Amino acid sequence: MSNYNINKGIGRTVEFKGLKAQYLFIFAGGLLGVLILVMIMYMAGVNSYICLFVGAGGASLIVWQTFALNGKYGEYGLMKVGAKKRHPKYIICRRSVHRYLKCTPKSNAL
């Protein structure tokens, strides 16, 4: 009989080197952005050492900030902070109170 491995990670979030959930996308997107920036700078004729410095500095900044955000907010904390910023502090109601308390008479049945 064949032995099959059972996938015990069903329902868990994706994790890579301690980075979870949306931090992986921030990490990958940031590194890809730095790579494209360095490629554009190199093709534009900027000095190679400047391109190397910008690439290494940008990549290290992305790695450092991503791991710092992951440690500070956790798996779902960054989404909670974003949702809290979009939540209104108070609700404005410009209709008068009289309009809310207005009673309409019931129609006579039959």
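Not measured: the values here are computed from a predicted model. Each residue is numbered by its place in its chain's sequence as written, counting from 1. Only residues with pLDDT of 70 or above have their local features reported here, since the model is predicted, and side-chain atom pairs are shown and tallied only from 80 upward, although totals for entire chains, interfaces and linings are computed over all residues. To obtain the side-chain values, all non-hydrogen atoms of the structure were included, while hydrogens and water were left out.

## Description of the overall build of the protein chain
Then, in step 1: Helix and strand labels come from DSSP, where a helix needs a run of H or I of at least four residues and a strand needs a run of E of at least two; each type is numbered from the N terminus. Secondary structure assignment for the protein chain yields three helices and two strands.
Then, in step 2: Throughout, radius of gyration means the C-alpha value; the globule benchmark is 2.2 Å times the number of residues raised to the power 0.38. Taking 2.2 N^0.38 as the reference for a compact globule, 110 residues should give roughly 13 Å; the C-alpha atoms of the protein chain span a radius of gyration of 27 Å, well beyond that estimate.
Then, in step 3: The dimensions of the protein chain, computed from C-alpha atoms along their principal axes, are 85 × 60 × 30 Å.
Then, in step 4: Counting over 110 residues, the protein chain shows a buried share of 15%.
Then, in step 5: The long-range share in the protein chain, meaning contacts at least 24 apart out of those at least 6 apart in sequence, stands at 61%.
Then, in step 6: Note on areas: these come from Shrake-Rupley sampling with a 1.4 Å probe, and a residue is covered only by the protein chains present in the view. As displayed, the protein chain offers around 10200 Å² of accessible surface, 64% of which is attributable to carbon and sulfur atoms. The buried label goes to any residue with under 20% of its type's maximum accessible area, the exposed label to any with over 50%, and the partly exposed label to all in between, with areas taken from a 1.4 Å probe on protein chains only. In this analysis, two residues are considered to be in contact whenever any of their non-hydrogen atoms come within 4.5 Å of each other.

## A word on the UniProt feature "transmembrane region" (unreviewed entry) in the protein chain
Then, in step 1: Per the UniProt annotation, the sites labelled "transmembrane region" (unreviewed entry) are residues 21-43 and 49-70.
Then, in step 2: Taken end to end, residues 49-70 is 100% helix and 0% strand, and its two terminal C-alpha atoms sit 31 Å from one another. UniProt positions are given in the numbering used here, feature names are shortened, and annotations may be inferred rather than shown by experiment.

## Regarding the environment of Asn47
Then, in step 1: Topologically, Asn47 is positioned in the loop between helix 1 (22-43) and helix 2 (48-86).
Then, in step 2: Overall, the relative accessible area of 45% leaves Asn47 in the partly exposed class.
Then, in step 3: Residues Asn47 and Arg12 lie 35 residues apart in sequence; the distance between their C-alpha atoms is 45 Å.

## Quick notes on the packing of helix 1 against helix 2
Then, in step 1: The interhelical angle for the contact between helix 1 and helix 2, taken along N-to-C directions, is 165°, at an axis separation of 9 Å. For the element pair helix 1 / helix 2, the angle class is roughly antiparallel. You can see that helix 1 and helix 2 cross each other, and the crossing is right-handed.
Then, in step 2: Here the term charged refers only to Asp, Glu, Lys and Arg, the term nonpolar to Ala, Val, Leu, Ile, Met, Phe, Trp, Tyr, Cys and Pro, and the term polar to all other amino acids, Gly among them. Residues of the contact of helix 1 with helix 2, tallied by class, amount to 19 nonpolar, eight polar and one charged. Where helices are involved, their axes are fitted lines through C-alpha atoms of the stretch in contact, as for all axes, and angles between N-to-C directions lie from 0 to 180°. The labels follow the angle: roughly parallel below 35 degrees, roughly antiparallel above 145, roughly perpendicular from 65 to 115, and oblique for the rest. In this scheme the crossing of two helices becomes right-handed for a clockwise turn of the near helix relative to the far one and left-handed for an anticlockwise turn of less than a right angle.

## Side note on helix 2
Then, in step 1: The span expected for a helix works out to 1.5 Å for each residue beyond the first. An ideal rise of 1.5 Å per residue puts 57 Å on 39 residues; helix 2 reaches only 43 Å between its terminal C-alpha atoms.
Then, in step 2: At Tyr73, helix 2 shows its largest bend, some 90°.
Then, in step 3: Of the residues making up helix 2, those classed as buried are Cys51, Gly55, Gly58, Thr66, Asn70 and Gly77. The reported bend at a residue is simply the angle between two axes, fitted to the 7 residues ending at it and to the 7 residues beginning with it.

## Looking at helix 1
Then, in step 1: Here helix 1 contains 22 residues, and its C-alpha end-to-end distance of 32 Å stays within 8% of the 32 Å for a straight helix at 1.5 Å per residue.
Then, in step 2: Here helix 1 has its buried residues at Gln22, Tyr23, Leu24, Phe27, Gly30, Val34, Val38 and Met41.
Then, in step 3: Those residues of helix 1 hidden inside the fold are in contact with strand 1 (15-16), strand 2 (19-20) and helix 2.
Then, in step 4: Gly45 occupies a position one or two residues after helix 1 and carries a positive phi of about 100°.

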